[in-house]
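Observations on the model geometry
Each chain, letter by letter, is given below.
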Amino acid sequence: MIEGFLLNFILAMCYPTLVAGADLHDIHVSKCEIQLNEESSSLEVATQIYLDDLQSILSKHGADNLHLCTERESKDADTFLKAYLEKKLQISADGKLLSHQFVGKEPSEDQIAVWCYIELKVPPGFASLKVKYDVLMDLYDDQKNIVNIKARGKNGFMLFSTRHFEETIQYK
Amino acid sequence: MNSEFYTYFQLGLQHIADLNAYDHILFIVALCAIYRPEDWKKVLILVTAFTIGHSLTLAMAALDLIRFRQELIEFLIPVTILFTAALNLLPGAEKSRQHMPLWKYLLPLVFGFIHGMGFSNYFKSLLGKEESVVKPLFAFNLGIEAGQIGIVVALMILSFLVMGLARIKQPVWTRLVSGIAAVMALFLMWETKFW
């Protein structure tokens, strides 16, 4: 009797998980590498984003059928991508937001992701950098973004989630 | 800012705890359902064998030494869960749980191979452009192991509470938990069938 009750109870608890089962193995991670080039005083950024996720979110922002990284790629693809990245990757030096210079993009070796390259001019004597990186967090609750930042001999990692997606690093 | 090691450790830990990837949790539950807190040493070895198994295939896939059909792997993962749960349900399984022939340890190792292949696309995407694979891989797997041990401890506490409060005996509890795991595995097999 109690066994039957428990079984029903536990099955009822499992139900939402069962329904969500279609998401099995979907992976929601993006990686961003930032490196300071002291000579040109700029931050060189390489960021990797899954193509299918990126298309989904861009189409939510009104950019349908971009066909990113294919022969049929829309002319406006880079414009939309650039605008999205400007919102989702923000780096400030001593409180001042740095502006993006979109360098280009290329598909990853396995063709499931895209690498985007961005350069940001930074004042040479900066004392702190604030990094915000929340790409795709507007698409998935469980999106995780890894940021690796190398500057002035420091090599650090940050793991961002929807609850925590910006951090300030002191360089003085 | 953290170290690379800590970041990937955390990622492994969170990946295990993630309910969207509950097939992993389910396997651990099925693997441990028949054991009692006093069997903790056996459980630790079983879980570690599983971790070693999936660390190996994950590493090989991340280094691009092996490739496989992802849809086949996604189907095989619930098969390993069903098989493990079914073993708990065999007549006499409860009585012979203290008897540990080698195959009982080899099974999670081999099943670990399959689960590791399920992780590999995930992991490949985490690697940067030029960094070494070894350190993040090691940290990620260690995080997964820690997460799995956490699941075992949680399961043990839960079974202790349920058995104490609802006065259910261990054999009944084992069958109940294994039965649920088996049903969920069947459901996953249905969802991931690739033919």
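Since the structure is predicted, the reported quantities are computational estimates derived from the model, not experimental observations.

What counts and how
- Sequence order as written defines residue numbering, which begins from 1 separately in each chain.
- Think of it this way: whatever chain is written first is A, whatever ligand is written first is 1, and the rest follow in order.
- Side-chain atom pairs in this predicted model are given and counted only at pLDDT of 80 or more, local residue features only at pLDDT of at least 70, and totals for whole chains, interfaces and linings cover all residues.
- Excluded from the side-chain calculation are hydrogens and water; included are all heavy atoms of the structure.
- Strands are runs of DSSP state E lasting at least 2 residues, helices are runs of H or I lasting at least 4, and numbering of each runs from the N terminus.
- Here's how the labels work: a residue is buried when its accessible area is under 20% of the maximum for its type, exposed when over 50%, partly exposed in between, all with a 1.4 Å probe on protein chains only.
- Using the Shrake-Rupley algorithm and a 1.4 Å probe, accessible areas are obtained, with residue cover drawn only from the displayed protein chains.
- Two strands pair if DSSP finds at least two bridges between them.
- Residues count as neighbours in contact if any of their non-hydrogen atoms are within 4.5 Å of one another.
- Here the axes come from fitting lines to C-alpha atoms, over the contacting stretch only for helices, and the angles between their N-to-C directions go from 0 to 180 degrees.
- Definition used in this section: a nonpolar core is a set of buried Ala, Val, Leu, Ile, Met, Phe, Trp, Tyr and Cys residues joined via side-chain atoms within 4.5 Å.
- Across the chain, each position has a pLDDT score giving the predictor's confidence in that residue, from 0 to 100.
- Stacked, tilted and edge-to-face pairs are distinguished by plane angle, under 30 degrees for stacked and over 60 for edge-to-face with tilted covering the rest, among Phe, Tyr and Trp rings (Trp via its six-membered ring) whose centres lie within 6.5 Å.
- Basic side-chain nitrogens of Lys or Arg form a salt bridge, by our definition, when they fall within 4 Å of a carboxyl oxygen of Asp or Glu.
- In protein, a polar contact means a hydrogen-donor-capable atom and an acceptor-capable atom, both N or O and within 3.5 Å, with residues adjacent in sequence counting only if both atoms are side-chain atoms; elsewhere, any N or O pair within 3.5 Å suffices.

This paragraph deals with the overall build of chain A. Helices and strands together make up the secondary structure of chain A, namely three helices and 10 strands. Along chain A, helices (α) and strands (β) appear in the sequence α-β-β-α-α-β-β-β-β-β-β-β-β when read from the amino end. A buried classification covers 48% of the 172 residues belonging to chain A. Surface summary for chain A: the accessible area is close to 8800 Å², and the carbon and sulfur share equals 51%.

Residue and element names in this part refer to chain A. The antiparallel open sheet is built from four strands, whose spatial order is β4-β3-β7-β10. Where the open sheet ends on each side, the last strands, each with one partner, are β4 (96–97) and β10 (166–170). Sheet topology places strand β3 (residues 89–93) next to strand β7 (residues 128–133); five bridges connect them, and they run antiparallel. What sits directly across from alanine 93, in β7, is leucine 129. Across the face of the sheet, helix α3 (residues 77–88) comes into contact with β3 and β7 while running at roughly 50° to β3.

Moving on, we get to the sheet that holds strand β6 (residues 113–121) of chain A. The strand order across the open sheet formed by six strands is β5-β6-β2-β1-β8-β9 (chain A), and the pairing between neighbours is mixed. Both edges of this open sheet fall to β5 (100–107) and β9 (154–160) of chain A, since each of them pairs with a single strand only. Going from strand to strand, the sheet's axes swing by 15° on average, the running direction of each strand aside. Pairing analysis gives nine bridges linking strand β2 (residues 42–50) of chain A to β6 of chain A, with the strands arranged antiparallel. Bridging from a neighbouring strand, isoleucine 49 of chain A pairs with valine 114 of chain A of β6 of chain A. The sheet contacts of helix α2 (residues 51–60) of chain A involve β2 and β6 of chain A, and relative to β2 of chain A the element is tilted by about 95°. Against the sheet, helix α1 (residues 4–17) of chain B engages β1 (29–37), β8 (144–151) and β9 of chain A, with an angle of about 15° to β9 of chain A.

The subject of this paragraph is the nonpolar core. The biggest cluster of nonpolar side chains holds 59 residues, and the ones touching the most others in it are Tyr8 and Cys32 of chain B. If you list the elements that add at least two residues to this core, you get β9 of chain A together with α1, α2 (22–32), α3 (40–62), α4 (70–89), α5 (102–124), α6 (134–165) and α7 (170–192) of chain B. Residues contacting cysteine 32 of chain B, with those up to four places away along its chain left out, are Val43, Val47, Val152 and Leu155 of chain B. Ile34, Ile91, Cys116 and Met137 of chain A belong to the second-largest nonpolar core, a separate cluster that totals 42 residues.

On average, residues of chain A score 86 in pLDDT, and 84% of them are at 70 or above. Confidence drops under pLDDT 50 across residues 15–25 of chain A; counting only partners more than four residues distant or on other chains, this segment forms 19 contacts.

The next point concerns the packing of aromatic side chains. Aromatic rings considered in pairs are described by the distance between their centres and by the relative angle of their planes. Going through the model one piece at a time under the given rule, you end up with 10 aromatic pairs over all chains. Ring geometry for phenylalanine 126 of chain A and tyrosine 171 of chain A: centres 5.6 Å apart, planes at 80°, overall edge-to-face. You can see phenylalanine 126 of chain A sitting in the loop between β6 and β7 and its partner tyrosine 171 of chain A sitting in the segment after β10, a full 45 residues away along the chain. Accessibility assignment for this pair places phenylalanine 126 of chain A and tyrosine 171 of chain A in one class, buried. Centroid distance phenylalanine 5 of chain B to phenylalanine 138 of chain B: 6.3 Å. Interplanar angle 50°. Geometry classified as tilted.

Across all of its chains, the model carries 12 salt bridges over all chains by this definition. A salt bridge links glutamate 73 of chain A to lysine 105 of chain A; the nearest nitrogen and oxygen atoms lie 2.9 Å apart. One end of the pair, glutamate 73 of chain A, is in the loop between α2 and α3; the other, lysine 105 of chain A, is in strand β5, and 32 residues separate them in sequence. Given the relative accessible area of 22%, lysine 105 of chain A is considered partly exposed. Among the ionic pairs, arginine 36 of chain B bridges to glutamate 94 of chain B, the shortest N-O distance being 2.6 Å. Here the residue arginine 36 of chain B occupies a position in the loop between α2 and α3, and glutamate 94 of chain B occupies one in the loop between α4 and α5, the gap between them amounting to 58 residues.

The subject of this paragraph is the pairing of β7 of chain A. All names here are of chain A. Here β7 lies mainly inside the structure; five of its six residues are buried. As defined by bridge partners, β7 adjoins β10 across five bridges and the pair is classed as antiparallel. Residue pairing in the sheet places valine 131 in a bridge with glutamate 167 of β10.

This paragraph deals with the environment of arginine 36 of chain B. Residue and element names in this part refer to chain B. Among the residues examined, arginine 36 registers a relative accessible area of 22% and is labelled partly exposed. Considering only alpha carbons, one finds arginine 36 and methionine 156, 120 residues apart in sequence, at a separation of 7.2 Å. For arginine 36, the contacting residues outside a window of four places in its chain are Glu94, Arg97, Met156, Gln170 and Pro171. Side chain to side chain, arginine 36 and glutamate 94 meet in a polar contact 2.6 Å long.

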